[in-house]
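# Structure assessment
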Amino acid sequence: MDNFQKEIDERANLALSNKFELLLFRLGSDQLKGKSELYGINVFKLREIVPMPTITRAAGVQSPLLGMASIRGQFIPVIDLPAVTGCKPETGLNLLLVTEYARSTQAFAVESVENIVRLDWNQVHTAEAGIGSRNITSIACLDTDGQSNNLAMVLDVEQILYDIIPSVRGVEPSAETAKDFNLKPGQVAIVAEDSKVARQLLEQGLKSMGIPAIMHNTGLEAWIKINEMQKEAAAAGESIHDKIALVLTDLEMPEMDGFTLTRNIKRDDALRQIPVVIHSSLSGSANEDHVRKVGADGYVAKFEINELSSVIHRVLEKKR
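Residues numbered from 1 in each chain as written. Predicted model: local features only at pLDDT ≥ 70, side-chain atom pairs only at ≥ 80, totals over all residues. Heavy atoms only, no water.

As recorded in UniProt, the sites labelled "modified residue: 4-aspartylphosphate" (unreviewed entry) are Asp250. Its location among the elements puts Asp250 in the loop between strand S15 (244–249) and helix H6 (258–267). Sequence-distant contacts of Asp250, defined by excluding residues within four places in its chain, comprise Ala192, Glu193, Asp194, Gly258, His279, Ser280, Ser281 and Lys302. (UniProt positions renumbered as here; feature names shortened; annotations may be inferred. Helix = DSSP H or I, 4+ residues; strand = E, 2+ residues; numbered from the N terminus. Contact = heavy atoms within 4.5 Å.)

This is the structure in structure tokens:
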């Protein structure tokens, strides 16, 4: 267990090169497929891995929430991850993955941990079109040639938490959300977010702000759209700034992560003045340092719509 924790602590700088670490684990036999599948989550989101402690189950607690566990003096909710994914552990729930998402700490009970692998984000592909589960956001090919069937399903933790723990759903928009953003007619926000529930929340939030948005599932899709709009603007003798008000991006995304998307924008002479706001469930000073290094104009941890509104308003005013 100490070796896993050492790797978690030492490999935090990969995000600046479109790479990341994926923790691989198993949840038991899939009740529909009849076999054990390999699952993964980004190492960035892990705080630690601990043996299964005593779980305190309060009255009214229902599956997949197991109860609360005391981890280093902090009581945190424990989620039965095999129950969420329709799996049955063969040897029981043996480990807890303690994670930090969207301003909250929680633990996921799993059967076993396999390995930590280093991947390029281009080895990860969106799963929405091919996988029926609402809890899977993407599929990671574990071999660099991208041709094998050595795959892992990357969990959409935002969706899981949204379904199980109401407190992570964020604050409702207030009167302060609808600020005067002074957008030009025809300006839109380009949004990149791979989690379906996060996209829905962002789309609703931007609508409450009066900001039109074009939504994308990956950073690569957003980058392609930005370049298309730049070519259209140039052909019409217009400025790209008359078309794009800002870019709002997640960090973890298939094919191209938010750090790479931001860096691409800020390195392009025609695009670099477009405000970029990063909106991510990855929190902590290390990630905020990375945000500054790639030149993003703002950073907001998910999901606090009023804070997001304030940051967007600030960066737009600064760019005027």
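The subject of this paragraph is the sheet that holds strand S8 (residues 104–110). Strand order in the open sheet formed by five strands is S3-S7-S8-S5-S4, and the pairing between neighbours is mixed. Across the chains shown, the open sheet's two edge strands, defined by having one partner strand only, are strand S3 (46–51) and strand S4 (65–71). Ignoring which end each strand starts from, the neighbouring axes of this sheet average 30° apart. Of the strand pairs in this sheet, strand S7 (residues 95–101) and S8 are connected by seven bridges, and their pairing is antiparallel. What sits directly across from Tyr101, in S8, is Ser104. Contacting S4, strand S5 (74–80), S7 and S8, helix H3 (residues 157–164) runs over the sheet at an angle of about 100° to S8. (Pairing = 2+ DSSP bridges. Axes fitted to C-alpha atoms, helices over the stretch in contact; angles between N-to-C directions.)

Counting 29 residues, the largest nonpolar core has Leu23, Phe25, Leu81, Leu97, Phe108 and Leu155 as the members making the most contacts within it. By residue number, the principal contributor to this core is H3, which donates four residues. Residues Ile211, Leu246, Val300 and Val315 belong to the second largest nonpolar core, which totals 18 residues. (Core = buried A, V, L, I, M, F, W, Y, C linked by side-chain atoms within 4.5 Å. Buried < 20%, exposed > 50% of the residue type's maximum accessible area, 1.4 Å probe, protein only.)

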